[in-house]
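# Descriptive structure summary
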Amino acid sequence: MDVKSRNYLLMNRQALENDIKTSYIMDRMISDEALTLQEEERVKQQERAAMLINIILTKDNNSYRSFYNALIHEGYRDLAALLQDGIPAISSGYRKSSMDGMTSYVKTILCEGGVPQRPVVFVTRSKLVDAIKKKLYCLGNDPGWVTVYGMAGCGKTVLTAEALRDPQLLEDYFPGGVHWISVGKQDKAGLLIKLQNLCSRLEHDSTLSQRPPLNIEEAKDRLRLLMLRKYPRSLLVLDDIWDSWVLKAFDNQCQVLITSRDRSVTDAVSGNKYEVHVESGLAHEKGLEILSLFVNMKISELPEQANCLVRECKGSPLVISLIGALLRDFPNRWEYYLRQLQNKQFKRIRKSSSYDYEALDEAMSISVEQLDDNYKDYYKDLSILPKDVKVPTKVLCILWDMETEEVEDILQEFVNKSLLFCDRNGKSFHYYLHDLQLDFLTEKNRNQLQELHKNIVNQYKKYYKLNTPVLSQEDCMYWYNFLAYHMAGANMQEELRDLMFSLDWIKAKTELVGPAHLIHEYVEYSSILDQKDSTVRENFQEFLSLNGHLLGRQPFPDIIQLGLCQPETSEVYQQAKLHAQRETGTFYLEWINKKSLKNLYRLVVRPHRDAVYHACFSKDRQRIASCGADKTLQVFKAESGERLLEINAHDDEILCCAFSADGEFVATCSSDKKVKVWNSRTGQCMRVYEEHSEQVNCCQFNNSSGRYLLATCSNDTYIKIWDLNEKYCRNTMIGHENSVNHCRFSPNDEYVASCSTDGTVKLWAACSGNELKNIEIKDFFKNADEQPDDVEVLVKCCSWSRNGDVILVVAKNKLLLWNIKSLSKVAYCRGHMSWVHCVAFSPDGSLFLTSSDDQTVRIWETKKVCKSSDAVLKSELDVVFHNGQVMILAIYNQKHLQLINGNTDNVIMQTAAQESPISCCCLSEDLKFAALGQESGTIKVLNPKFNFNSSRKTCFFMTPVQDCRFTPDCQTLISSAHSSVIQVWNWQLSECVFLRGHKEAIKDFRLLENSKLLSWSFDGTVKVWNITTGNPEKDFACHGGAVLSCAVSPDGSKFSSTSADKTAKIWDISTGALLHFFSPVTVDEGEPTHGGWVTDLSFSPDSKMLVSSGGYLKWWNVTTGESLQTFYTNGTNLKSIHVSPNFKIYVTVDNLGILYVLQKF
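Quick notes on the rules
Residues numbered from 1 in each chain as written. Predicted model: local features only at pLDDT ≥ 70, side-chain atom pairs only at ≥ 80, totals over all residues. Heavy atoms only, no water. UniProt positions renumbered as here; feature names shortened; annotations may be inferred. Helix = DSSP H or I, 4+ residues; strand = E, 2+ residues; numbered from the N terminus. Buried < 20%, exposed > 50% of the residue type's maximum accessible area, 1.4 Å probe, protein only. Contact = heavy atoms within 4.5 Å. pLDDT = per-residue confidence, 0-100. Pairing = 2+ DSSP bridges. Phe/Tyr/Trp six-rings, centres within 6.5 Å; stacked < 30°, edge-to-face > 60°. Lys NZ or Arg CZ within 6 Å of the ring centre and 35° of its normal. Axes fitted to C-alpha atoms, helices over the stretch in contact; angles between N-to-C directions. Parallel < 35°, antiparallel > 145°, perpendicular 65-115°, else oblique. Left-handed = near helix turned anticlockwise from the far one by under 90°. Nonpolar A, V, L, I, M, F, W, Y, C, P; charged D, E, K, R; others polar. Salt bridge = Lys/Arg side-chain N within 4 Å of Asp/Glu carboxyl O.

With an unreviewed UniProt entry as reference, the protein is termed Apoptotic protease-activating factor 1, source organism Malurus cyaneus samueli. Recorded in UniProt for the protein, the comment headed Subcellular location (unreviewed entry) runs: "Cytoplasm".

Printed below as a string of C-alpha cells:
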C-alpha cells in the first residue's frame, strides 16, 4: 500500500473504529476479492473495527480502494471523505481490468432506489433477464408499463432486480434512476403509507421539505410532479401488485415495471403495455445449479438424490434455496431431506391462495427444525411481522432486548439459511420475509400469535415507557404505523384504547403521516375500541375528519387548542382541557359560545365501506344516490340516511352516479370503461354503453323530463352525449388537452360544462358540441391569498345554480363559486378532511352536497356558505367589556342591529329593519348609546336602554358609511366613508369637523388619549390628528401597499401597522423609528405566517403580546416575534379582533357569520 494511503488510514483510525459496522463492509470487500473468508472470521472473533483496519494496513492499494467504496455504499460518506485524499492512483492496467467504476455507479443507483440485493446464492436465468431488459428497451422515452407475471415464489423479484443491474440499460434509458417500492396486498390506508414513504424518499434532498400527502390523490399528484420535474427518465418498479386499483395511484404518464401474479392487472391503466411471463418452476438444470453452489460442488459431482430433490421442490427457487442452505450445513443428509420432503408431514388448516404450498411448507418446516432451540424462538417471533414491510434492526433490538450487533448476527444466520431477506441500504439494515414464508409461520404458530403480539407490545412499552418515538430514530415509523396493529393482534383492549384515544399519540402520528391512517385504524379496530361504548371512538374519528385539512398544515397546529374547540361533551375536549390545565406556561383559548354554533352541514352519513366518489339528489330531494370505491351503487333517504337500494353495479370502482330528471333512472359510470343505466326503484339494469376507450369519470342526465339525454366524459379527453332511446353515442365534444373529470348540463339544457385535469372549465353548446367559453381555474390558486402548493390544480367537478348564473367548482379540498357571466369568484369554503370528488346543488339551490375520500357525504346550506348571503352576522361589529360582561353589537341580515350577550350568546335586543342596508355600527362604553352607518350615507344614534328602534340624531355622508366610533365622553361620533376624509361629529351640538390629508380612501382609525386620532389609508401612510383643531400632528410613510390595520400599545410609546404586502411592522410613535418587522416567511409547505392579509392587531396591557387577525387569529411574543398560539376559525377573512382590557377575552366574526367569543384558558 502507498505510504500516503497508509498514513490516511492511521490518521483517521479512531473515527473509523468508533463508527463503522464491520459485517456489511466486509461483505463488499469479499465480493471485491479484497478480503478473504478466513480474514472475515478473524475480525468477527476479535475487536471488529480495529482488527479490520489492522488487516487492511497489511494489504495493497486495491484493499484501500475497496474499503473506501464500501464506506460510500454502506452510507458512511462522512468517513469516506476523510480517506478521499489518500486514494492511490489507478494504473492503466487496473483501469482496463476492473469494472469497479461502472459497478460503483450501478450499485449507487440501485442502493439509493431501494432495489433488493442478490440472494445469498444466485444463478442467472439469462433468457428471462434478457426478456425483461428487452421489454424495458421497448418503452423508449414513452410512458408505459412492463408486467413481469408468474406464480408466487417463481423468482419475479430477483429476475427484475437482476435485469436492472445492467449499466448500459441504466445509463441509456433510465439516467434519472430506479425507484423500487414493495407493494403487496394493501388496503387504501396501507397504500397511502407506501406512497408517503416513496414521496419522502424522492424528496429526501429537497431544499423545501413538504408535509406528507394526506390522501392517495394528493400523493399521486405529488409523485407525478416529482417524476416529471426531479426524476425525468427514471423507472418506477412496483413489486408484488395484487389489485388493479392500486396501479391507478401510479398512473402518471411515467415508465413503470410491475411484478404480479395476475397478468390482467394493468387492464385498468392507460399507456403502452408489455409482458414477460415467468414460468412457475425453474428449469431442472437451474435447480441443480443452485444446489451445486450451496454445497460448493460441480453439478456432475452431485449425488443422485439431487435430481429427486429438485423435482420435489417443483422448481421453486425459494424452496430449492431453503434445501440448499440446509445441505451446506449438513452435506451428508441428501437422503434424509429427500425423505422429509416426500413425507409431507406439515398440514395446513387452510390455504390463503391457490398456490401449491406443500413443497415450500416441508422445506420451511425442515429448515426451522434444524435451527438451534433459542434460534427457533427468535424465528417464531417473526410470525407477527406485517406483510410486505421491511423492518429496521432497531425494532428487533427492542423486541429481543439486545445490542444491534447481537441482533444482526442472529438475523444473518436466518439470511444465510434463506429463511429471511435483508436490504442493506446505507447504515440502516431492514429485514423481511417472503409472504409465502410469513404464511407458513402464521399457520405454524397460529395458536401463539396473540401471545407473540403481546410480547412485542410489552417490549415496546418497556423500552419507551411513557415516551413516544421521535423521527431521528430508525424504528420510529414502524411503531407509528404498526403499534396499533400489534395491540389489536394481542387483543389488548385497554392498551389499544389508551393509545388510540391519546392526544399525544394523535399529535405525533398525524404530524408524521397525516390523519388518514389513524381514521382507517379507528374503523379497522372499531370492534375492539367499541366494546364498552362507541361514543369515544366516534368523538376522535369526527375530530380527525373535521380538522384533517388543518392537521396537514406546516407548521403543525396545536392539537390541544384544536381539541378545546370540540363540544364540551366530547372526550377529545375533556382530554384537551386536562392537557391545557397541566401545561401552565402555554397560551390556550376556550371558545365560550361554541354551543351556539350550528354545523354548516346538516347531515353526515357513511353508506360505503370505502371512499365515496359521488352522490346526488333526486329532483324531489327525497332520495340520494351515492357510489364509490366499493363498486356499489347505494340509494338512501335524504332526510334520515335510511338505505333503499344497494347494487353491485360494476367490475371496478364506480366514479359517478346521476338521477334522471323524473327520478326513474340512475346512471353509473366506472373505471371498467362502461356506462350503465338502472331503474332507480327496482335496481334493474336498462342500458350498457361501451364506447369510451378509458375510464369514464362522470355521467349526468339533462334537466327536462320526457327526453332522456345523458352526458359522459372520460380519461380519453372526450365528452359524449347519449340518447337513452338509441344504442349509440349521439354527439362527441373534443377540446380538452387532458382527462375530463366532470360534465354537467346547464339548467335550461342549452349548455354542457366540463372540468379537466388541464386546469380548465369549458362551456359547450349541447346541440352542436361547439366550445363557447373557457375558465382557467388554476389562475385562482396563483392569485389566492394563501401560498399555492407545488401541486398542479386538477379541477374535479362542477354544479350549476338553479338560475344558471353561478357554477360551483371543486379543486383539491376547496369549493369555489364562480359567476358565469363575469367569470369572477363569488366564494370558497373548506370542510372535508380529504380531497372532494363531487359537489351538487339541490334542485331548489338551498342545499348542496359533497362527497370525499374521507368516506363522508356532507349536506351544506348554501346561504351559510355563500358570502353574498344575507342571513348571517356581518364582519363589522363592536364589542364593549362591561362589568365582566361581553356585550356585542352586530349587524344581522344587513337590515337589523342585534345586541348580544357574548357570555351566554343570547340576543338581548334587535332593531326593526332599516330602510337601507347597515354597513357599520358602534356601542358607547357605558352601553347608553349605539350608532349605525348605512350604505345610503346615513348615520344614526340610538338609545338601546330605552328604545332601540328610535333614532336620537341623524347625519348624512355622500358615500356609504364605512366606520363609526364614539369618543369616551359619548359626545362625539367619529366616522369615515369610502373617501379620504374623516368626519368628527358632535352629535349633541350638531357640529362637524373634517380631517383632510390622506391621498386615498381611509382604511380605518383609532382614538388616542388627549383628543388625538390615529388613521391609516390605502395610500400606505399613517397619520396622527388633533380632532379638536382638525390638524395632522404626525405623518408616517409605513408601507408600499395599503395599510390594513394599526394598533397602539397601552403605554402609548409604540404602534403597529399591517399591510396588503402581508407584513406587520412595529414603530416608535415619538421618533418614527421601525422597531420590528414581521415578514411573510413561508414555512415548509409555504403557508403565509398570517394566513392571508393581516386585518387587525391588538397589544396586551404590558405590551409584551400582540394578537393579529387575518385568515385566522394568531398571538405573538412582541419581544421575540415568535408565534404563541393560533386559533383556526371555521371560515376565513376575519376583519377585526376586539380584545378586553385585561387581554383575556377576544371577539371576532368570520366570513361565514360565525361569532367567536374566546377566553384565555
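Right, let's talk about the overall build of the protein for a bit. On a plain count of helices and strands, the protein comes out with 35 helices and 60 strands. Residues counted as buried form 59% of the 1161 residues belonging to the protein. When contacts within the protein are restricted to residue pairs at least 6 apart in sequence, long-range pairs at least 24 apart make up 54% of them.

Moving on, we get to the confidence of the model for the protein. Summing up the model confidence of the protein, the mean pLDDT is 82 and the portion of residues at 70 or higher is 85%. Across the protein, the element-wise mean pLDDT spans from 38 in helix H8 (residues 92–97) up to 95 in strand S16 (residues 665–670). Of the regions scoring below 50 in pLDDT, residues 867–871 engages in ten contacts with residues more than four places distant in sequence or in other chains. This stretch, residues 1082–1087, has a pLDDT under 50; its non-local contacts, to residues over four places away or in other chains, come to 16 contacts.

Moving on: the pairing of strand S4 (residues 255–260). Taking burial as the measure, the six residues of S4 include six buried ones, the bulk of the element. The sheet contact formed by strand S1 (residues 144–149) and S4 spans six bridges and is parallel. Directly across from Val-148, in S4, lies its bridge partner Thr-259. Judged from the five bridges that link them, strand S3 (residues 235–241) and S4 form a sheet pairing that is parallel. Across the sheet, residue Leu-238 finds its bridge partner in S4, namely Ile-258.

It is worth spelling out the packing of aromatic side chains at this point. All chains considered together, the criterion is met by 30 aromatic pairs. Between Tyr-137 and Tyr-173 the ring centres are 4.9 Å apart and the planes differ by 55°, which places this aromatic pair in the tilted class. Placement of the pair is Tyr-137 in helix H10 (residues 126–139) and Tyr-173 in helix H12 (residues 167–173), with a sequence separation of 36 residues. Residue class for Tyr-137 comes out partly exposed when judged on its relative accessible area of 31%. Where Phe-587 meets Tyr-1146, the ring centres are 6.5 Å apart and the plane angle is 65°; that geometry is what we call edge-to-face. Of this pair, Phe-587 sits in the loop between helix H33 (571–582) and strand S9 (589–591) while Tyr-1146 sits in strand S59 (residues 1145–1149), and the two are 559 residues apart along the sequence. Neither Phe-587 nor Tyr-1146 differs from the other in exposure class; each is buried. A network of ring pairs unites the aromatic residues Tyr-460, Tyr-463, Tyr-464, Tyr-478, Trp-479, Phe-482 and Tyr-485 as a single cluster. The ring centre of Tyr-432 lies 5.0 Å from the NZ or CZ of Lys-390, which sits over that ring.

Close contact between helix H13 (residues 188–202) and helix H14 (residues 216–230) brings their axes to 10 Å; oriented N to C, the two are set at 25°. Compared by their axis directions, H13 and H14 come out roughly parallel. In terms of crossing hand, the pair formed by H13 and H14 is left-handed. In this structure, H13 uses Lys-188, Leu-191, Leu-192, Leu-195, Leu-198, Cys-199 and Leu-202 to contact H14, whose residues at the interface are Ile-216, Ala-219, Arg-222, Leu-223, Leu-226, Met-227 and Lys-230. Partitioning the contact of H13 with H14 into residue classes produces eleven nonpolar, no polar and three charged.

Counted according to the given criterion, the structure contains 42 salt bridges. Of the charged contacts, one joins Arg-643 and Glu-646 as a salt bridge, the two residues approaching to 3.4 Å between their closest N and O atoms. Relative accessible area serves as the criterion here: at 44%, Arg-643 is assigned to the partly exposed category. The class for Glu-646 is partly exposed, based on a relative accessible area of 37%. With a closest N to O distance of 3.1 Å, Lys-940 and Glu-915 form a salt bridge. Of this pair, Lys-940 sits in strand S40 (residues 938–943) while Glu-915 sits in the loop between strand S37 (906–910) and strand S38 (918–923), and the two are 25 residues apart along the sequence. Under the relative-accessibility criterion, Lys-940 is labelled buried at 11%.

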